[in-house]
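Here's the letter readout for the chains.
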Amino acid sequence: MIHILHRRDRSAIALLLLTILGVLLSRGAVAAFAGGAVLMVVAVLKARLVVLDYFGFRGTPGPWRALLLGWIALVGCGALASPLLQSIR
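Source: prediction; values computed, not measured. (Residues numbered from 1 in each chain as written. Predicted model: local features only at pLDDT ≥ 70, side-chain atom pairs only at ≥ 80, totals over all residues. Heavy atoms only, no water.)

Notes on the overall build of the chain
Working step 1: Of regular secondary structure, the chain possesses four helices and zero strands.
Working step 2: Listing the helices and strands of the chain from first to last along the sequence gives α-α-α-α.
Working step 3: Here the analysis covers contacts within the chain between residues at least 6 apart in sequence; of these, 60% occur between residues at least 24 apart.
Working step 4: Accessible surface, the chain as shown: approximately 6600 Å² in total, 73% of it carbon and sulfur. (Helix = DSSP H or I, 4+ residues; strand = E, 2+ residues; numbered from the N terminus. Contact = heavy atoms within 4.5 Å. Areas by Shrake-Rupley, 256 points an atom, 1.4 Å probe, with all protein chains shown as cover.)

Laid out in structure tokens, this is it:
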């Protein structure tokens, strides 16, 4: 199978599109309505791409990838915890 773009090129395009999506979602009522949750999901997706493709962890053993991606998820959930707790009060 012929690959037109290498994985890093596809990741760069995805990062660019996710950045544009984040900028568009941060403007207007969508950001206020979602409470930043959508923006945090976009940020976690971008961090995953950077860790896997630019830090070179795509080909590493599973536990290392799981550790880094778990850390990203933990930080993302931690960032959402404060606004969630404030909305419950």
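Notes on helix 3 (residues 37-54)
In an α-helix there are 3.6 residues to a turn, and that puts residues three or four apart on one side.
Working step 1: When the terminal C-alpha atoms of helix 3 are compared, their 25 Å separation across 18 residues agrees well with the 26 Å that a helix rising 1.5 Å per residue should span.
Working step 2: Burial in helix 3 covers these residues: Val-42, Leu-49, Val-51, Leu-52 and Asp-53. (Expected span 1.5 Å × (residues − 1). Buried < 20%, exposed > 50% of the residue type's maximum accessible area, 1.4 Å probe, protein only.)

Re the side chain of Asp-53
Working step 1: Note that Asp-53 resides in helix 3.
Working step 2: For Asp-53, a relative accessible area of 7% translates into the label buried.
Working step 3: Only 2.7 Å separates the side chain of Asp-53 from the side chain of Arg-58, close enough to count as a polar contact.
Working step 4: With residues up to four places along the chain from it excluded, the contact list for Asp-53 reads Arg-7, Arg-8, Ser-11 and Arg-58. (Polar contact = N/O pair within 3.5 Å; in protein donor to acceptor, adjacent residues only side chain to side chain.)

Focus on a nonpolar patch on the surface
Working step 1: Nonpolar side chains collect at one region of the surface, where Ile-4, Leu-5, Ile-13, Leu-16, Leu-17, Ile-20 and Leu-24 lie side by side and expose about 720 Å² of accessible area between them.
Working step 2: Checked against the element boundaries, Ile-4 lands in the segment before helix 1 (7-26). (Patch = residues over 30% accessible without salt bridge, like charges linked within 9 Å, V, L, I, M, F, W, Y side chains within 5 Å. Salt bridge = Lys/Arg side-chain N within 4 Å of Asp/Glu carboxyl O.)

Let's talk about the packing of helix 1 against helix 3
Working step 1: For the pair helix 1 and helix 3, the least separation of the axes is 10 Å and the interaxial angle reads 165 degrees. Put simply, helix 1 runs roughly antiparallel to helix 3. When the axes of helix 1 and helix 3 are compared, the crossing they make is left-handed. Mapping the contact onto sequence places Arg-7, Arg-8, Ser-11, Ala-12, Ala-14, Leu-15, Leu-18, Thr-19, Leu-21, Gly-22, Leu-25 and Ser-26 in helix 1 and Val-38, Leu-39, Val-42, Leu-45, Lys-46, Leu-49, Val-50, Asp-53 and Tyr-54 in helix 3.
Working step 2: Along the lines of polarity and charge, the residues of the contact of helix 1 with helix 3 split into 13 nonpolar, four polar and four charged. (Axes fitted to C-alpha atoms, helices over the stretch in contact; angles between N-to-C directions. Parallel < 35°, antiparallel > 145°, perpendicular 65-115°, else oblique. Left-handed = near helix turned anticlockwise from the far one by under 90°. Nonpolar A, V, L, I, M, F, W, Y, C, P; charged D, E, K, R; others polar.)

So, the environment of Leu-74
Working step 1: Relative to the helices and strands, Leu-74 is located in helix 4 (residues 62-88).
Working step 2: Residues Leu-74 and Val-44, 30 residues apart in the sequence, show an inter-C-alpha distance of 10.0 Å.

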